[in-house]
Amino acid sequence: MSGATLERGMNAFREQMNAPVASFFSSCVNCGMCAEACLFYTETGDPKYTPINKLEPFRRVWEQEYTLFGKIKSMLGLTQPVTDELLAEWEELIYDGCTLCGRCSMVCPVGNDISYMIRRAREGFVAAGYAPDGIKNASRRAVTIGSPMGVKYPALQAQIKHVEADTGLQIPVDVEGVDYMALLSSMEIMNFPEYMEALARIFKQAGVSWTISSEAFEATNSGIQIGSSDIARELVSRVVNAAEKLKVKYVISPECGHAYTAIRWEGPNLIGRPYNFKVVHILELLDELRATGRIKTEGKEEDRMTFHDPCQIVRKGGVLESPRNLLNMVASNFVEMQDHREMNWCCGGGGGVSAIERAEELRLKVFKRKTSQLDDLNVETLVTACANCRLVMEEGLEEYKLEIPVVGLTEMIAEHLVEDKE
Amino acid sequence: MSTPTDFLLWVRGPGFDIALVIFVIGVIIRLLEVLVLGRKADLAEARGTEMGPGIRTLFTRTLPESGSMKRSPFTVAGGYIWHIGFLVCLFLFVPHIELFNSTIGIKWPGLPSNLIDAVSAVTLVTLLAMLFSRLNHPVKRFLSGPEDYLTWLVTFLPMLTGYLAFHRMINPYPLVLGLHILSVEVLLVVFPFTKLMHAFTFVFARWYNGAMAGRRGVQS
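Let me sum up the structure you'll find in this document. In this text, all values refer to a predicted model and were calculated from it rather than measured experimentally. (Residues numbered from 1 in each chain as written. Chains lettered and ligands numbered in written order. Predicted model: local features only at pLDDT ≥ 70, side-chain atom pairs only at ≥ 80, totals over all residues.)

To continue, consider the overall build of chain B. Helix and strand content of chain B: ten helices and zero strands. Reading the secondary structure of chain B in the N-to-C direction produces α-α-α-α-α-α-α-α-α-α. Seen along its three principal axes, the alpha-carbon backbone of chain B occupies a region of about 70 × 35 × 35 Å. In chain B, which comprises 220 residues, the share counted as buried stands at 34%. Within chain B, contacts between residues at least 6 apart in sequence are counted, and of these 75% link residues at least 24 apart. (Helix = DSSP H or I, 4+ residues; strand = E, 2+ residues; numbered from the N terminus. Buried ≥ 20, exposed ≤ 12 C-beta atoms within 10 Å, placed from the backbone. Contact = placed C-beta atoms within 7 Å.)

Glancing now at the overall build of chain A. The secondary structure content of chain A amounts to 21 helices and eight strands. Compactness check: chain A gives a C-alpha radius of gyration of 22 Å against a globular reference of 22 Å for 422 residues, within 12% of the reference. By its C-alpha atoms, chain A is 80 × 50 × 35 Å across when sized along the principal axes. Expressed as a percentage of its 422 residues, the buried residues of chain A come to 56%. At a minimum sequence separation of 6, the contacts of chain A that also span at least 24 residues come to 82%. (Rg over C-alpha atoms; globule rule 2.2 N^0.38 Å.)

Residue and element names in this part refer to chain A. Of the pairings in the sheet, the one linking strand 1 (residues 180-182) to strand 3 (residues 250-253) comprises three bridges and is parallel in character. Residue Met 181 lies in a different strand from strand 3, and its bridge partner there is Val 251. Both strand 3 and strand 4 (residues 278-281) contribute to a ladder of four bridges, which runs parallel. By the bridge assignment, Tyr 250 is partnered in strand 4 with Lys 278. What joins strand 3 to strand 4 is helix 15 (residues 257-271), and the crossover it makes is right-handed. (Pairing = 2+ DSSP bridges. Right-handed = clockwise from strand over helix to strand, strands pointing away.)

Let us now look at the packing of helix 6 (residues 84-96) of chain A against helix 8 (residues 114-127) of chain A. All names here are of chain A. At a minimum axis distance of 11 Å, the contact between helix 6 and helix 8 shows a crossing angle of 140°. In terms of orientation, helix 6 lies oblique with respect to helix 8. Seen from above, helix 6 lies across helix 8 with left-handed handedness. When helix 6 is examined against helix 8, the residues Leu 87, Glu 91 and Ile 94 are found in contact with a partner set consisting of Ile 118, Ala 121, Arg 122 and Phe 125. Taken together, the residues of the contact of helix 6 with helix 8 sort by class into five nonpolar, no polar and two charged. (Axes fitted to C-alpha atoms, helices over the stretch in contact; angles between N-to-C directions. Parallel < 35°, antiparallel > 145°, perpendicular 65-115°, else oblique. Left-handed = near helix turned anticlockwise from the far one by under 90°. Nonpolar A, V, L, I, M, F, W, Y, C, P; charged D, E, K, R; others polar.)

Moving on, we come to the sheet that holds strand 5 (residues 305-307) of chain A. Residues and elements named next belong to chain A. Across the sheet, four strands lie side by side as 6-5-7-8; this open sheet has parallel pairing. The open sheet terminates on both sides in strands that have one partner only, identified here as strand 6 (334-335) and strand 8 (406-408). Both strand 7 (residues 381-384) and strand 8 contribute to a ladder of three bridges, which runs parallel. Opposite Thr 384, over in strand 8, you have Gly 408 as the bridge partner.

In this section: helix 14 (residues 229-245) of chain A. Residue and element names in this part refer to chain A. Between its first and last C-alpha atoms helix 14 spans 23 Å; for 17 residues at 1.5 Å apiece the expected length is 24 Å, and the two agree. Taken together, the buried positions of helix 14 are occupied by Ser 229, Ile 231, Ala 232, Leu 235, Val 236, Val 239, Val 240, Ala 242 and Ala 243. Those residues of helix 14 that are buried lie in contact with helix 8, helix 9 (133-144), strand 1, helix 13 (222-226), strand 3 and helix 15. Directly after helix 14, the chain includes Lys 247, whose backbone phi takes a positive value near 55°. (Expected span 1.5 Å × (residues − 1).)

Mapping Asn209(B) onto the fold places it in helix 10 (residues 198-215). Here the alpha-carbon distance between Asn209(B) and Leu124(B), two residues 85 residues apart in the chain, equals 32 Å.

We now examine the sheet that holds strand 4 of chain A. All names here are of chain A. Strands sit in the order 2-1-3-4 across an open sheet of four strands; the sheet is parallel. Among the strands making up the open sheet, the edge pair consists of strand 2 (210-211) and strand 4. The strands touched by helix 15 are strand 3 and strand 4; relative to strand 3, the strand with the most contacts, the crossing angle is about 160°. Together, strand 3 and strand 4 form the strand contacts of helix 16 (residues 282-291), whose direction differs from that of strand 4 by roughly 80°.

All names here are of chain B. Put simply, helix 6 (residues 113-136) and helix 8 (residues 146-166) touch, their axes get as near as 10 Å, and they point 155° apart. Considering the angle they form, helix 6 stands roughly antiparallel to helix 8. Helix-helix and strand crossings are classified by hand; for helix 6 and helix 8 the assignment is left-handed. Counted together, Asp 117, Ser 120, Thr 123, Leu 124, Leu 127, Leu 131 and Arg 134 of helix 6 and Asp 148, Trp 152, Thr 155, Phe 156, Met 159, Leu 160, Gly 162, Tyr 163 and Phe 166 of helix 8 form the full contact between these two elements. The residue inventory of the contact of helix 6 with helix 8, partitioned by class, reads nine nonpolar, four polar and three charged.

Attention now goes to the interface of chain B and chain A. Interface size is commonly expressed as the accessible surface area that is lost when the partners come together. With 47 residues of chain B in contact, the opposing surface of chain A contributes 49 residues. Secondary structure elements with two or more residues in the side of chain B that touches chain A: helix 1 (4-35), helix 3 (66-71), helix 4 (73-92), helix 7 (138-143) and helix 10 of chain B. Top element by residues in the side of chain B that touches chain A is helix 10 of chain B. It accounts for nine residues. Residues of the side of chain B that touches chain A, tallied by class, amount to 19 nonpolar, 14 polar and 14 charged.

Bringing helix 10 (residues 153-167) of chain A into the picture now. Side chains that are three or four residues apart share a direction in an α-helix, a result of its 3.6 residues per turn. Residues and elements named next belong to chain A. End to end, helix 10 covers 21 Å across 15 residues, agreeing with the expected 21 Å (1.5 Å per residue, within 8%). Elements that come into contact with the buried residues of helix 10 comprise helix 11 (186-190) and helix 12 (194-206). Where helix 10 terminates, the next one or two residues include Gly 168, which has phi positive at roughly 75°.

Among the secondary structure elements, Val126(A) is positioned in helix 8. As a C-alpha pair, Val126(A) and Arg369(A) span 243 residues in sequence and 29 Å in three-dimensional space.

As for its position among the elements, Val29(A) is in the loop between helix 2 (19-27) and helix 3 (39-42). Sequence spacing of Val29(A) and Lys204(A) is 175 residues, and the spatial spacing of their C-alpha atoms is 55 Å. Beyond its immediate sequence surroundings of up to four residues, Val29(A) is in contact with Val110(A), Lys195(B) and His198(B).

The peptide bond linking Asn171(B) to Pro172(B) adopts the cis configuration, its omega dihedral lying at -5°. Within the element layout of this structure, Pro172(B) appears in the loop between helix 8 and helix 9 (173-190). Although it is not a glycine, Asn30(A) adopts a positive phi angle of roughly 55°. When you line up the elements, Asn30(A) lands in the loop between helix 2 and helix 3. In this structure, Asn378(A) is a non-glycine residue whose phi angle is positive, near 60°.

This is the structure in structure tokens:
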């Protein structure tokens, strides 16, 4: 982030140009339908939040440098260049006003994958020095300390001790040659240690051999959110190195949306090679343990409950069935929101938005979309599988004075787990 | 080009050839501009395939997602009506089919001209309504620039002049027919340099969208 200049930004935009991006820009006819798929537009009514509009600087680079007619227009002075002022003005739209949820990409009639372009366009913004302080600081902490929230290993160690005392189970750390290496998000370590406890109990019961690495326990990746491949690569490399050092067969992505995108989908492309291990999302693993009979549950939640699909895990991650299979195992009154699975509405805090302090008011405003979804259902419990969604929704529900507890799905499975008594 | 007949002869002859050459070369350049950029191989282990979901999205995006139908009914319905109307008039009006037959040697059955007349009237009204919507809908008005209005105009004019020519509302007939052909030539010339190109590039866009989602196990 040091030495960021417009020139670097322009070069980053150029590096991000490819055939999909060019075909998307070539195809947009400004029909405006993406606006109606975006909670930042539907909840504010401000057309500046129309998804395709957030890409105007990147579109200009495409038009002026990658089309013949655009080049001619530029030579004749008929186009408006990308300037520092433009990027400064658009910074709020592309960061505060977009969670990379990808809902717009599902509705565009010409098929534009708009969120794919936003992710790429952020590379240009951050290289030019236009990224919000909140995500910049989180990225800095992630690179220097190892966690966007500044959580160091001693803090994890303390939580491990608590969990071990509560459960009487040992949390394996730095064990070589086991099958699975579990990652955690800082939020899970600090706010939701129930997750780690759930893992310990479920894995013990299912006979899963696993470990946590003291060198790379952090799953979140601020580089993905700010749009810096350099930072993202550094953070992914730490996980890859630790996993390869411990010779594990699998790395488990936790209940965190963008962590899954980072380690599962972007990681190999960032480091430039496939992994020597596989990445599974915790819900995929639990679903597999369920299907193979390695875990059994007893009793069912009788509350009327629904599931909030984390965008990066479901719509952009492809983990669609596992949460349903798991919920049906432990809930007798599970109902779907009207828009669910790959059409679910974002919590409003993904893609780094929850790390941007100045975006708080906007984030709480657009949370109205989630409350409208919940109003239709009249549920007593909201289940999800992303610590960030969970925290954002807890804050949002409090703001709108809705008393609906938000629960992590992994913990819910652990609560109903049938455990052998020793 | 002193008489309407001279004008008609020019637009049917050299004018049309020039427009067609610009259109064909322009479209080829534009498609190459997109495709030569390529994309890097995705190194992440795939959950699903690309080709099938890509092709599926190419077709399924023709139908609106249910939420869009509810939230943008006018854009969706208007979009269908005028696109279909335009294509029906272009490809199913008998004199047009004869023109295709004389240039490329392929013919197909057309529709009765009174039906084409009705379709073109509906299409013209819909295009006017779409323009009205673009000028008034907060999002469309906000997004729209000169190119959006230019592309609307060059699409509207062939429909309008075709309608006028069919009903002989401008005299002499060679003049109005000449204007109709000229308006088509303007459309052909403007086409490759504007967002009218979506008529070709949407195939790539939808495919890439469907393929990239399909790889992750999602049907987009």
